[in-house]
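Residues per chain, in single letters:
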Amino acid sequence: MSFDIARTPTLHAVATGDEQQLVEDLQERVEAAIRQAEAAPAVVEAAAAQRRAEQHFLSLQKAERALNQFVKSAGEKLSAMREAALDAVIESAAGADKLDFKGFSELGVLENRSRQATRAIEKLVERLLPLALWTRLREESHAAVTLARVLEGVAQERAERVLDQLREAVGEEMILPVDLSKGVAGALLARAEDLKRRGVQLSSNADSIEKTFEKTLGR
């Protein structure tokens, strides 16, 4: 290291002069710190709750698709079955002593199942899916905010550790400005800020769904 303190009173110290290496090292440390935060119990618990809510919502969507397909298929079958049942009654009336209403029994069973499937779809669309979506958004928001808070804690710990090291190294200096925004702590805080913004947006979306849901129920 060579410099003239008279000409360069302000120093800029870095671990290496290779900017590419600096960027790669920073990224590795940031990712390691994020993995550390993601392993925190509160974050793990929030992420698990988010996955459960997501899976529940997806399962209800799958149920809605299956029921819609059943109703559609049943509608096509019912049209053909009605004609066949009527033809059977006419033929039996024309050529036998006993009328054949057997086809209407099968028709009634399918019609009842179709009606019940339609009612199930209505319940899914009007109540269960909105509630599941609201829960999913709430849990996703909570997971984002929880991770953000832990990242802020990790950033604070790293910043304090760096400052402690600097105090020991420059004990004789009166003033030593330090810009931590360009280091790991700064990157973690930026990531945390993004997560908090996302959490707020998700929470706002959940509020909108809740208001619509309450209006639908007539509250």
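What you are looking at is a predicted structure, and each value in this text was computed from that prediction instead of being measured.

Calculation rules
- Residues numbered from 1 in each chain as written.
- Predicted model: local features only at pLDDT ≥ 70, side-chain atom pairs only at ≥ 80, totals over all residues.
- Heavy atoms only, no water.
- Helix = DSSP H or I, 4+ residues; strand = E, 2+ residues; numbered from the N terminus.
- Buried < 20%, exposed > 50% of the residue type's maximum accessible area, 1.4 Å probe, protein only.
- Contact = heavy atoms within 4.5 Å.
- Areas by Shrake-Rupley, 256 points an atom, 1.4 Å probe, with all protein chains shown as cover.
- Patch = residues over 30% accessible without salt bridge, like charges linked within 9 Å, V, L, I, M, F, W, Y side chains within 5 Å.
- Salt bridge = Lys/Arg side-chain N within 4 Å of Asp/Glu carboxyl O.
- Lys, Arg positive; Asp, Glu negative; His and termini not counted.
- Charge placed at Lys NZ, Arg CZ, Asp CG, Glu CD.
- Polar contact = N/O pair within 3.5 Å; in protein donor to acceptor, adjacent residues only side chain to side chain.
- Expected span 1.5 Å × (residues − 1).

*Asks:* What is the right way to read the overall build of the chain from this model?
*Replies:* Along the backbone of the chain there are four helices and zero strands. Of the regular secondary structure in the chain, the N- to C-terminal order runs α-α-α-α. In the chain, buried positions account for 23% of the 219 residues. Sequence separation of 24 or more characterises 82% of the internal contacts of the chain that already satisfy a separation of 6 or more. Taken as a whole, the chain presents about 15600 Å² of accessible surface, with 53% of it coming from carbon and sulfur.

*Asks:* Looking at this structure, how should I read a negative patch on the surface?
*Replies:* Residues E83, D87, E91 and D100 make up a contiguous surface patch of negative charge. Structurally, the position occupied by E91 is in helix α2 (residues 41-95). Look at E91 and you get exposed, because its relative accessible area is 57%.

*Asks:* Help me out: how do you make sense of the environment of S79 in this one?
*Replies:* Its location among the elements puts S79 in helix α2. By relative accessible area, which is 43% here, S79 ends up partly exposed. C-alpha separation for the pair S79 and L107, spaced 28 residues apart in sequence, amounts to 9.6 Å.

*Asks:* Honestly, the side chain of T146 in this entry has me stumped. Any pointers?
*Replies:* Position of T146 relative to the elements: it lies in helix α3 (residues 102-169). When its relative accessible area of 9% is taken as the criterion, T146 is described as buried. In this structure the side chain of T146 is engaged in a polar contact, spanning 2.7 Å, whose partner is the backbone oxygen of H142.

*Asks:* How do you make sense of helix α4 (residues 184-216) when you look at a structure like this?
*Replies:* Given 3.6 residues per turn, any residue in an α-helix points the same way as the ones three and four places further on. For α4, built from 33 residues, the straight-helix expectation of 48 Å at 1.5 Å per residue is met to within 8% by its first-to-last C-alpha distance of 48 Å. Three or more residues of α4 are buried, namely V184, A185, G186, L188, A192, L195, G199, L202, S203, A206, I209 and F213.

*Asks:* Looking at this structure, I do not really get the pattern of salt bridges. What am I missing?
*Replies:* Side-chain pairs of opposite charge can arise whenever the charged atoms involved come near each other. If you walk through the whole model with that rule in mind, you get nine salt bridges. The closest approach of N and O atoms between R138 and D207, which form a salt bridge, is 2.3 Å. With R138 in helix α3 and D207 in helix α4, this residue pair connects regions lying 69 residues apart in the sequence. Residue class for D207 comes out partly exposed when judged on its relative accessible area of 29%. The salt bridge partner of R138 is E210, with a shortest N-O separation of 3.8 Å. With a gap of 72 residues between them, R138 in helix α3 and E210 in helix α4 connect regions that are remote in the sequence. Judged by relative accessible area, E210 falls into the partly exposed class, the value being 31%.

*Asks:* Hey, could you run me through α2 in this one?
*Replies:* Relative to the 81 Å expected for 55 residues at 1.5 Å per residue, α2 spans 78 Å between its end C-alpha atoms, a close match to the ideal helical length. Those residues of α2 lying buried are V43, A46, A48, A49, A53, F57, L60, A74, L78, A85, V89 and S92.

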